[in-house]
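Commentary on secondary and tertiary structure
Take a look at the letters that make up each chain.
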Amino acid sequence: MDNLSLFVGVVGNFISVLVFLSPIDTFYRIVRNRSTEEFESLPYICTLLNALLWTYYGVTKPGAYLVATVNGFGVVVETIYIILFLTYASRRVKCKTAQLVVGLDIIVFAAAVLITHFALDGDVRINAIGFLGAGLNIVMYGSPLAAMRTVVTTKSVEYMPFLLSFFLFLNGGVWCFYAILVKDPFLGVPNGIGFFLGIVQLALYARYRNSTKSSSSIEPLLISPPLPATF
């Protein structure tokens, strides 16, 4: 069982890395055009907070090194995304993004670390961090709902990339299975939800992928990679 959970965890880490890297095309477009256009920074800011919390969880919980390593990678990648966003955003968007980074990724994360580290001990501390991470994961796995609604109303999958939906589906499924093996509900619940939403997204893609209705008038929706809820 230990060997199986290790294997599943390694596979989950690989898929999670692909999820973290999935927005590369978006940022290539931003750098090429030297503009963030209509894209939003909030999904990446929240993903960074998510990665920070799960890295802290992985470091705090004994034997959770797989969770810590992949989320540590996520911290690095999301930081690069945010730096690029700040570089090419307009002054107004840059100020808004900087405020969100300070508020969420610095103040909120620092408060979570300080409170759990100095006020809680042992399993209580681990459970508190797990609750925070799982709650944020559930919210983030719901982030594609706006894109799904747009797919239904426009009958176009232009702004719901297939590969991202597919990787989120795989990510949720693999990490949910891993959570069952290691009996970790903090990983299991959000990833189970992510797995279900991934199925829904793939079903919508299959339904509308051949649609000819134009959605050129619709603003691009930036689908954030919900932190591999296994992080």
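Definitions and cut-offs
- Residues numbered from 1 in each chain as written.
- Predicted model: local features only at pLDDT ≥ 70, side-chain atom pairs only at ≥ 80, totals over all residues.
- Heavy atoms only, no water.
- Helix = DSSP H or I, 4+ residues; strand = E, 2+ residues; numbered from the N terminus.
- Buried < 20%, exposed > 50% of the residue type's maximum accessible area, 1.4 Å probe, protein only.
- Contact = heavy atoms within 4.5 Å.
- Areas by Shrake-Rupley, 256 points an atom, 1.4 Å probe, with all protein chains shown as cover.
- Core = buried A, V, L, I, M, F, W, Y, C linked by side-chain atoms within 4.5 Å.
- Lys, Arg positive; Asp, Glu negative; His and termini not counted.
- Salt bridge = Lys/Arg side-chain N within 4 Å of Asp/Glu carboxyl O.
- Polar contact = N/O pair within 3.5 Å; in protein donor to acceptor, adjacent residues only side chain to side chain.
- Axes fitted to C-alpha atoms, helices over the stretch in contact; angles between N-to-C directions.
- Parallel < 35°, antiparallel > 145°, perpendicular 65-115°, else oblique.
- Left-handed = near helix turned anticlockwise from the far one by under 90°.
- UniProt positions renumbered as here; feature names shortened; annotations may be inferred.
- Expected span 1.5 Å × (residues − 1).
- Patch = residues over 30% accessible without salt bridge, like charges linked within 9 Å, V, L, I, M, F, W, Y side chains within 5 Å.
- pLDDT = per-residue confidence, 0-100.

A tally of helices and strands in the protein chain yields nine helices and zero strands. In sequence order, the secondary structure elements of the protein chain are arranged as α-α-α-α-α-α-α-α-α. Looking at the 231 residues of the protein chain, the share that counts as buried comes to 48%. Pairs at least 24 apart in sequence give 83% of the contacts found in the protein chain among residues at least 6 apart. Put simply, the protein chain shows about 11400 Å² of open surface, and 68% of that area lies on carbon and sulfur atoms.

Let us now look at the nonpolar core. Most often, soluble globular proteins have nonpolar side chains that are buried together. Membership of the largest hydrophobic core comes to 41 residues, with the highest contact counts inside it found for Tyr 57 and Phe 85. Elements supplying a minimum of two residues to this core: α1 (2-21), α2 (24-33), α3 (42-60), α4 (65-88), α5 (91-119), α6 (122-141), α8 (162-182) and α9 (185-208). Examining the composition of this core, we find that 11 residues originate from one element, α3, more than from any other. In this structure Tyr 57 touches Val 67, Ile 126, Ile 129, Gly 130, Asp 184 and Phe 186, once residues within four positions along its chain are discounted. Formed by six residues, the second largest nonpolar core is a distinct cluster that contains Met 148, Val 151, Leu 204 and Tyr 208.

Time to look at the side chain of Asp 105. Here Asp 105 lies in helix α5. Buried Asp 105, no salt bridge; nearest opposite-charge side chain is Lys 96, N-O distance 14 Å. Here the side chain of Asp 105 touches Leu 49 through a polar contact of 3.2 Å, landing on its backbone nitrogen. Here Asp 105 is in contact with Ile 45, Leu 48, Leu 49, Leu 52, Ile 82 and Leu 100, once residues within four sequence places are set aside.

Now for the packing of α8 against α9. Following both chains from N to C, one finds α8 and α9 inclined at 150°, their axes separated by 7 Å at the closest point. One element, α8, and the other, α9, form an angle in the roughly antiparallel class. Here α8 and α9 pass one another in a crossing that is left-handed. Here Phe 162, Ser 165, Phe 166, Leu 168, Phe 169, Asn 171, Gly 172, Gly 173, Trp 175, Cys 176, Tyr 178 and Ala 179 of α8 come into contact with α9, specifically with Leu 187, Gly 188, Asn 191, Gly 192, Gly 194, Phe 195, Gly 198, Ile 199, Gln 201, Leu 202 and Tyr 205.

This part is about the UniProt feature "transmembrane region" (unreviewed entry) in the protein chain. Under the UniProt annotation, the feature "transmembrane region" (unreviewed entry) is placed at residues 6-30, 42-59, 65-88, 100-120, 126-147, 159-181 and 187-206. Helix makes up 92% of residues 6-30 and strand 0%. Its end C-alpha atoms lie 38 Å apart. Secondary structure over residues 65-88 splits into 100% helix and 0% strand, and the C-alpha atoms at its two ends are 35 Å apart.

The subject of this paragraph is α5. Spanning 29 residues, α5 covers 40 Å between terminal C-alpha atoms, matching the ideal 42 Å at 1.5 Å per step. Turning to α5, its buried residues number three or more, namely Val 93, Thr 97, Val 101, Asp 105, Phe 109, Ala 112 and Thr 116.

Glancing now at unusual backbone geometry. The phi torsion at Arg 34 lies on the positive side, around 55°, for a residue other than glycine. Mapped onto the elements of the fold, Arg 34 is located in the loop between α2 and α3. Positive phi, close to 55°, is recorded for Lys 183, a residue that is not glycine. Taking relative accessible area as the criterion, Lys 183 reaches 71% and is therefore assigned exposed.

Taken together, Leu 4, Phe 7, Phe 177 and Ile 180 make up a surface patch of nonpolar side chains, about 420 Å² in accessible area. Among the secondary structure elements, those contributing two or more residues to the nonpolar patch are α1 and α8. Mapped onto the elements of the fold, Phe 177 is located in helix α8. Using a relative accessible area of 39% as the deciding quantity, one classes Phe 177 as partly exposed.

Note that predicted coordinates carrying low pLDDT should not be read in detail. Taken as a whole, the protein chain shows an average pLDDT of 82; of its residues, 87% reach a score of 70 or greater. Low confidence marks residues 214-231, where pLDDT is under 50. Its contacts with residues over four positions away, or in another chain, come to 84 contacts.

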